[in-house]
Amino acid sequence: MADLDADGLGAEHALLRDNIRRFLKDRVNPLILQHETDKTFPFEVLGELRDFGYLGGYLPESSGGLGIDYLTWAVMMEEAGYCWLSLRALINGLNIVGGIIDAYGTDEQKDRFLHPLMRNERRTFVSISEPDVGSNVAEVKTRADKRGDRYVLNGGKLWVTNGMFADFGIVVARCFSDTCQGGLSLFLVEKAHTQFDVRPVDTMFVRSTGTAAFTFEDAEVPAANLLGQEGQGLRQILIGLNFGRLNVAMGAVGAAQCALDLSIDYARTRKQFGQPIGAYQLVQRHIVEMTMKTQAARALGYRAARAMQAGKSARIEGSVAKLYATEAAHQVANHALQVHGGIGYATDYPIERIFRDTRGGMIPEGTTEIQTLIIGREILGISALTNGERA
């Protein structure tokens, strides 16, 4: 058996990690500060990341993917988070959409949407949350009324990642037709063919992800853009969210590792009172706490990836990983800010951005509170969620 490291990974994973980190450091890191300032994103780098498999590489080869296993994918998402959580967020959304279209789309939908997406020729979004609907996906109020050969959308969506930049995406809406009376359904909506209002939403974290709010007023979508069957949208989108939780968890691990590496370097080189600050016991305590939390989060993320690879639903593993990793990452970033002192506040230094971005990881793909309730339900067999998510 090939030698494995402490995390159970072999030489191939280590080589992949090193190659990705080197590429992102050389190609993406120099761009981050300017794009964070301008609230834009360098989409050209996604095309360059295609060779690593970031654009649908986890899909089977029969679908145009590379058949990347979930553990390898976890390593890849950790490296994206190590570089920039805005990058991780856009890769996450792109692949959630790709996976759902691959699973439920028609051949025509795959030709129009999935294949160009994997070639970095199209930009996408997932539109679930609404002004009054967050974690409780089942309570989505946006309507899609069937009228002849089209559906008419009315309602509002909020916190749409990449909504400002994307040209199409998935909208979750409550469907009404002769064969469906209010069941949630998924629709592929193109900005070029469906008229609706799009406005930017400024956020504290992942500032380069083009977060938007949508308003639909009698917005027409061709019936051919229904994704899968009417009324099956809740099950379809929750499958995507479980995959998203692994992505968020591993991105958080990467951000935590980056904060830890920066802090170790700073503690070794920054001198106060005639010696490196790393010589002081309280600084060492920060470093040790950061190391423990990062390693534990990574182990939980890999556990979730292995469960998914084994074909399990991985509901508890994914939620445990997402809950722990996102909270741990922000705690690590907080320690890092303390180690760095005043320089940690500077916006041209990564710690300030990592601190903001890791706080945001506790919200998407189900808040910390929702993850807690999902885990409690899986352990006890008793649900504290009455009408809400059934992930």
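Residues numbered from 1 in each chain as written. Predicted model: local features only at pLDDT ≥ 70, side-chain atom pairs only at ≥ 80, totals over all residues. Heavy atoms only, no water.

Per an unreviewed UniProt entry, the protein chain goes by Acyl-CoA dehydrogenase and derives from Achromobacter pulmonis. Quoted straight from UniProt, the Sequence similarities (unreviewed entry) entry for the protein chain says "Belongs to the acyl-CoA dehydrogenase family." Comment text from UniProt for the protein chain, heading Cofactor (unreviewed entry), reads "FAD". (UniProt positions renumbered as here; feature names shortened; annotations may be inferred.)

A.B. asks: So what exactly am I meant to see when it comes to the environment of Leu 9 here?
C.D. replies: Assignment of secondary structure puts Leu 9 in the segment before helix 1 (11–27). When the C-alpha positions of Leu 9 and Ala 299 are compared, they lie 11 Å apart, and in sequence the two are 290 residues distant. Once residues within four sequence positions are removed from consideration, Leu 9 is found in contact with Asp 3, Leu 4, Arg 17, Leu 71, Val 75, Tyr 302 and Arg 306. (Helix = DSSP H or I, 4+ residues; strand = E, 2+ residues; numbered from the N terminus. Contact = heavy atoms within 4.5 Å.)

A.B. asks: Honestly, the layout of surface pockets in this entry has me stumped. Any pointers?
C.D. replies: The volume enclosed by the largest pocket comes to roughly 850 Å³. The set of elements that each furnish at least two residues to the lining of the largest pocket consists of helix 5 (85–104), strand 1 (124–127), strand 3 (150–160), helix 7 (233–269) and helix 10 (350–360). In terms of residue count, helix 5 provides more of the lining of the largest pocket than any other element does, six residues in total. Residue composition of the lining of the largest pocket, by class: 19 nonpolar, 16 polar and five charged. Looking at the second largest pocket, its volume works out to about 520 Å³. Forming the boundary of the second largest pocket are 21 residues, of which Asn 29, Ile 32, Tyr 349, Pro 350 and Arg 353 lie nearest the centre. Every element with two or more residues in the lining of the second largest pocket is listed here: helix 1, helix 2 (29–38), helix 4 (70–83), helix 7 and helix 10. At five residues, helix 2 tops the list of elements feeding residues into the lining of the second largest pocket. Grouping the amino acids of the lining of the second largest pocket by side-chain chemistry returns nine nonpolar, three polar and nine charged. (1 Å grid on protein atoms, 1.4 Å probe; cavity = no way out; pocket = protein on both sides within 12 Å on 5 of 7 lines; lining within 4 Å. Points joined across faces, edges and corners; volume = space filled by probe spheres on them. Nonpolar A, V, L, I, M, F, W, Y, C, P; charged D, E, K, R; others polar.)

A.B. asks: What am I meant to see in the pattern of salt bridges here?
C.D. replies: Between side chains of opposite charge, pairing is possible as soon as their charged atoms come close. Applying the stated criterion across every chain, the model contains 20 salt bridges. Two residues, Arg 112 and Glu 108, come together in a salt bridge whose shortest N-O distance is 3.5 Å. Taken together, the residues Arg 112 and Glu 108, both in helix 6 (residues 107–118) and four residues apart, mark about one turn of the helix. Here Glu 378 ties to Arg 315 by a salt bridge, and the two come within 3.4 Å at their closest N and O atoms. In this pair, Glu 378 is assigned in helix 11 (residues 368–380) and Arg 315 in helix 9 (residues 315–340), connecting sequence segments 63 residues apart. For Glu 378, a relative accessible area of 31% translates into the label partly exposed. Several salt bridges converge on common partners, so that one network encompasses Glu 108, Arg 112, Arg 122, Asp 167 and Glu 190. (Salt bridge = Lys/Arg side-chain N within 4 Å of Asp/Glu carboxyl O. Buried < 20%, exposed > 50% of the residue type's maximum accessible area, 1.4 Å probe, protein only.)

A.B. asks: It is not clear to me how empty space enclosed by the protein should be interpreted in this structure. Could you clarify?
C.D. replies: Any space left empty among the atoms is revealed by the rolling of a water-sized probe across them. Counted according to the given criterion, the structure contains two cavities of 30 Å³ or more. Taken as a whole, the largest cavity holds about 90 Å³ of empty space. For the lining of the largest cavity, the element with the most residues is helix 5, which contributes four residues. Considering only enclosed or pocket space, the second largest cavity measures out at about 50 Å³ in volume. Gly 81, Tyr 82, Cys 83, Trp 84, Leu 85, Ala 255, Cys 258, Arg 353, Ile 354 and Asp 357 together form the lining of the second largest cavity. Looking at the lining of the second largest cavity, the elements with two or more residues in it are helix 4, helix 7 and helix 10. Split into classes, the residues belonging to the lining of the second largest cavity amount to seven nonpolar, one polar and two charged. Residue contributions to the lining of the second largest cavity reach at least three from each of two domains, namely domain 1 (11–123) and domain 3 (235–380). (Domains from an automatic or database assignment.)

A.B. asks: I tried to follow the nonpolar core on my own but got confused; where do I start?
C.D. replies: In a soluble, globular protein the nonpolar side chains are often hidden away together inside. Membership of the largest hydrophobic core comes to 90 residues, with the highest contact counts inside it found for Leu 46, Tyr 54, Leu 87, Ile 91 and Ile 237. No other element matches the 16 residues that helix 7 contributes to this core. Within the second largest apolar cluster, 19 residues are counted, among which are Phe 125, Tyr 151, Val 160 and Phe 216. (Core = buried A, V, L, I, M, F, W, Y, C linked by side-chain atoms within 4.5 Å.)

A.B. asks: Would you mind showing me how to read the side chain of His 340 here?
C.D. replies: With respect to the helices and strands, the residue His 340 is situated in helix 9. Judged by relative accessible area, which is 2%, His 340 ranks as buried.

A.B. asks: Before we go on, may I ask you to explain the packing of helix 1 against helix 4 in this structure?
C.D. replies: Angle between the axes and distance between the axes: these two values describe a pair of packed helices. Where helix 1 meets helix 4, the axes come as close as 10 Å, and the angle between the chain directions of the two elements is 25°. As the angle between them shows, helix 1 and helix 4 are arranged roughly parallel. In terms of crossing hand, the pair formed by helix 1 and helix 4 is right-handed. Contacts between helix 1 and helix 4 involve His 13, Leu 16, Arg 17, Ile 20, Arg 21 and Leu 24 from the first element and Leu 71, Thr 72, Val 75, Met 76, Glu 78, Glu 79, Ala 80, Tyr 82 and Cys 83 from the second. Class assignment of the residues belonging to the contact of helix 1 with helix 4 gives a composition of nine nonpolar, two polar and four charged. (Axes fitted to C-alpha atoms, helices over the stretch in contact; angles between N-to-C directions. Parallel < 35°, antiparallel > 145°, perpendicular 65-115°, else oblique. Left-handed = near helix turned anticlockwise from the far one by under 90°.)

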